[in-house]
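Geometric and topological summary
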Amino acid sequence: MASDSVSIDIDPRSGFCKSNSVFYSKRKPVVLPCNDSLDITTFISSRAHSGKIAFIDASTGRHLTFPQVWRAVDSVASCLSEMGIRKGHVVLLLSPNSIFFPIISLSVMSLGAIITTTNPLNTPQEIRKQVTDSKPTLAFTTQSLLPKLSGTGLPVILIGGYDNLSSKLQTKIVSSLEDMMNETSQRGLQTRVKERVKQDDTATLLYSSGTTGDSKGVVSSHRNLIAMVQTIAGNSMSFEEQTFICTVPMFHIYGFGVFATTLLALGSTVVLLSKYDLDEMLSVIAKYGATYLPLVPPILVALINQAEKVKAKYDLRTLQWVLSGGAPLSKEVIESFLEKYPTVRILQGYALTETTGLGASTLTPEESQRYGTAGLLAASMEAKIVDPDTGEALSVNRTGELWLRGPSVMKGYFSNPEATASTLDREGWLRTGDICHIDEEGYIFVVDRLKELIKYKGYQVPPAELEALLLTHQEIVDAAVIPFPDKEVGQYPMAYVVKKWGSNLSESGVMDFVSTQVAPYKRIRRVAFVGAIPKNPSGKILRKDLIKLAISKL
């Protein structure tokens, strides 16, 4: 929040302060709790509302009321304490979307332990990498995903039923979530070790794709999560006691922040799909009278492309808002959607794992009319637009890298001081890696990316990871991976490959080599063979040149 001396120089339209070149949020500031000894679970459970149903499983119809959720959280936390889980321990959650995902997360965090999530689509090799880095004490997973933890040595708590477990899995099953939730003895409550948890203690360790190829563990505190909940609750439209459809993955900050934490605090009902299916999503909207649909751009594009079929088959009269995040929406896409679904409005958001799911957004009908923008700065968030070459902080309508500072900005990267120092400066400014400008009314426009992540259906794919993998192939001399534009998925990875002299390696051979070693969303889907990879004098791949080459051949 700006001081009185600085606030005099702030332009009320743009939020820009000439004296320090900082953009200040125009939204109502976030008020954080004064009590330093407060965890996110206690904070959420103490908020008053009159909501009844918290979660509904779309496939089975099973639901949990708010009292059932908090009883389950208490029981699971007690059982974890009896197992020896203590403040600072890391617990891995490997699961598709489920009504149990929030229960596990909130139970772990209530003890001061740290929840780390991973993508169920990841390969065992990718999961072992995260296990080696984060060093969890135990894991929660489903029977179908259990083989991916084989050989990690982690004791496992199974989510859902199980039978005929193979002895070859090399995993130790210590309990089931169902048994822990049904724990009724008072012994657990009486013997739970409840260490004092402070707002600055670490709550989550979510992994963010890095341009270097290695995922980095983003360390977020209870204060970061509380700020996120307070921001959405205090500055949003009326999300309270609405019905939301959850299609986005809960292991990601988008799904985790909205569905595993914030909406619980607002008394809203979340209808969960274990995986995305367009027809199931639409039928669930009609069945439960959903009012809000958070999604990623490729799903919105699918709704546009199949609009006639959708309107003929499904009753979407209750749907009021689509909330889009994960990648920018073009003006053309927004106009096309509104033409086909005139009773539904679109809200957009911009955020990073490093900002605990906050950054900028459009939150009102008036703001939603500003097409092509990521919205206004989130409450209590500050921004700079910085020239990447000179480091100069720029003014209104000037384009540069977006820097952010605020109460939701991460503590740093887990066990990675170099990456932390290169992303967070000493004054708390986070370098986002996104090229943006802020206009005269304070709206942020994402122009390009300094970061080289590929956005596939909302998933982030680091090209350097795929390049490193390609270079392990005996017949590949050099390789570069770029984002290739696609109307259905946004972007997919395309590889430019330099083969060894005399090699008969084919395009399909390259794709098959990669596909067996990475999650499906990271697979190479297009290959071109070249004589050399263009690079600058320092050896950095000139991806923009390759992108232009690829697009020119469309």
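Look up a bit, the structure's there.
Brief notes about the packing of helix H10 (residues 278–288) against helix H11 (residues 297–305)
- With their axes 12 Å apart at the nearest point, H10 and H11 run at an angle of 80 degrees to one another. Here H10 is positioned roughly perpendicular relative to H11, judged by the angle of their axes. On H11, the residues that touch Leu278, Met281 and Leu282 of H10 are Ile299, Ala302 and Leu303.
- Partitioned by chemical class, the residues of the contact of H10 with H11 number 6 nonpolar, no polar and no charged.

Observations concerning the pattern of salt bridges
- For the structure shown, the criterion picks out 14 salt bridges.
- Of the charged contacts, one joins Arg13 and Glu441 as a salt bridge, the two residues approaching to 3.6 Å between their closest N and O atoms. Taken as a pair, Arg13 in the loop between helix H1 (4–7) and strand S1 (16–17) and Glu441 in the loop between strand S23 (430–438) and strand S24 (443–449) lie far apart in primary sequence, 428 residues in all.
- On the basis of relative accessibility, which here comes to 46%, the residue Arg13 falls in the partly exposed class.
- The partner of Glu382 in a salt bridge is Arg405, and the shortest N-O contact between them spans 2.7 Å.

Some words on the packing of aromatic side chains
- Throughout the structure, instances matching the rule amount to 8 aromatic pairs.
- Taken together, the ring pairs in this structure connect Phe239, Phe244 and Tyr292 into an aromatic cluster.
- The lysine or arginine in question, Lys216, covers the ring of Tyr413, its NZ or CZ lying 5.0 Å from the ring centre.

Description of the pairing of strand S14 (residues 292–295)
- Of the two faces of S14, the one lined by Tyr292 and Pro294 and the one lined by Leu293 and Leu295 are each fully buried.
- Bridge analysis of S14 against strand S15 (residues 321–324) gives 4 bridges, and the strand direction is parallel. Each bridged residue has a counterpart across the sheet, and for Pro294 the counterpart in S15 is Leu323.

Quick look at H10
- For H10, the complete set of buried residues consists of Leu278, Met281, Leu282, Val284 and Ile285. Taken around the axis of H10, the buried residues stretch over an arc of 160 degrees, which confines them to a single face.
- Along its buried surface, H10 packs onto strand S12 (243–246), strand S13 (269–272), S14, H11 and helix H12 (307–313).
- The N-terminus of H10 is capped by Asp277, whose side-chain oxygen sits 3.3 Å from the backbone nitrogen of Asp279.
- Looking one or two places after H10, you find Gly289, whose phi comes out positive at around 60 degrees.

Description of the side chain of Ser95
- Looking at the secondary structure, you find Ser95 in the loop between strand S5 (90–94) and helix H4 (101–110).
- Ser95 gets classed as buried once you look at its relative accessible area, which sits at 4%.
- If sequence neighbours within four positions are ignored, Ser95 has contacts with Phe101, Pro120, Thr142, Leu145 and Ile159.

Quick word on the environment of Gln242
- You can see Gln242 is positioned in the loop between helix H8 (222–235) and S12.
- Distance from Gln242 to Leu266, taken between C-alpha atoms, is 8.7 Å for residues 24 residues apart in sequence.
- For Gln242, the residues in contact, after removing those within four places along its chain, are Ser268, Thr269, Thr291 and Tyr292.

Quick word on empty space enclosed by the protein
- Considering all chains together, one arrives at 3 cavities of 30 Å³ or more under this definition.
- Of the voids in this model, the largest cavity is the one considered here, and its volume is about 60 Å³.
- Taken together, Leu282, Ile285, Leu293, Leu303, Leu316, Leu319, Phe337, Tyr341 and Val344 form the lining of the largest cavity.

What counts as what
- Note that residues are indexed from 1 along each chain, following the sequence as it is written.
- For this predicted model, a pLDDT threshold of at least 70 governs which residues receive local features, and a threshold of 80 or more governs which side-chain atom pairs are given and counted, while totals over whole chains, interfaces and linings are taken from all residues.
- The basis for the side-chain values is all heavy atoms of the structure; hydrogens and waters are excluded.
- Lines fitted to the C-alpha atoms define the axes, with helices restricted to the stretch that makes contact. Angles between their N-to-C directions range from 0 to 180 degrees.
- Counting from the N terminus, the helices are the DSSP runs of H or I reaching at least four residues and the strands are the DSSP runs of E reaching at least two.
- Should an angle lie under 35 degrees it is considered roughly parallel, over 145 roughly antiparallel, and from 65 to 115 roughly perpendicular; all remaining angles are considered oblique.
- The contact criterion used throughout is that any non-hydrogen atoms of two residues lie within 4.5 Å.
- Gly is put with the polar residues, along with every residue not named as nonpolar or charged; the nonpolar set is Ala, Val, Leu, Ile, Met, Phe, Trp, Tyr, Cys and Pro, and the charged set is Asp, Glu, Lys and Arg.
- Salt bridges, as used here, are contacts in which a Lys or Arg side-chain nitrogen is within 4 Å of a carboxyl oxygen on Asp or Glu.
- Only protein chains enter the accessibility calculation, which uses a 1.4 Å probe. A residue is then buried if its area is under 20% of the maximum for its type, exposed if over 50%, and partly exposed in between.
- Between the rings of Phe, Tyr and Trp (Trp by its six-membered ring), a pair exists once the centres lie within 6.5 Å; its type follows the angle of the planes, with under 30 degrees stacked, over 60 edge-to-face, and the other angles tilted.
- Only Lys NZ and Arg CZ are tested; either one counts as a charge over a ring when it is within 6 Å of the ring centre and within 35 degrees of the ring normal.
- A pair of strands is considered paired only if DSSP assigns at least 2 bridges between the two.
- Each direction from the helix axis to a C-beta atom contributes to the arc, which is the arc of those directions.
- As used in this structure description, the phrase polar contact means that two N or O atoms lie within 3.5 Å; if the pair is within protein, one of them must be able to donate a hydrogen and the other to accept it, and residues adjacent in sequence are counted only when both atoms belong to side chains.
- Note on definitions: the grid is 1 Å and covers protein atoms alone; a cavity is a set of points where a 1.4 Å probe fits but cannot get out; a pocket is an open set with protein on both sides within 12 Å along at least five of seven lines; lining residues have an atom within 4 Å of a point.
- Grid points are joined across faces, edges and corners, and a volume is the space filled by probe spheres set on the points.

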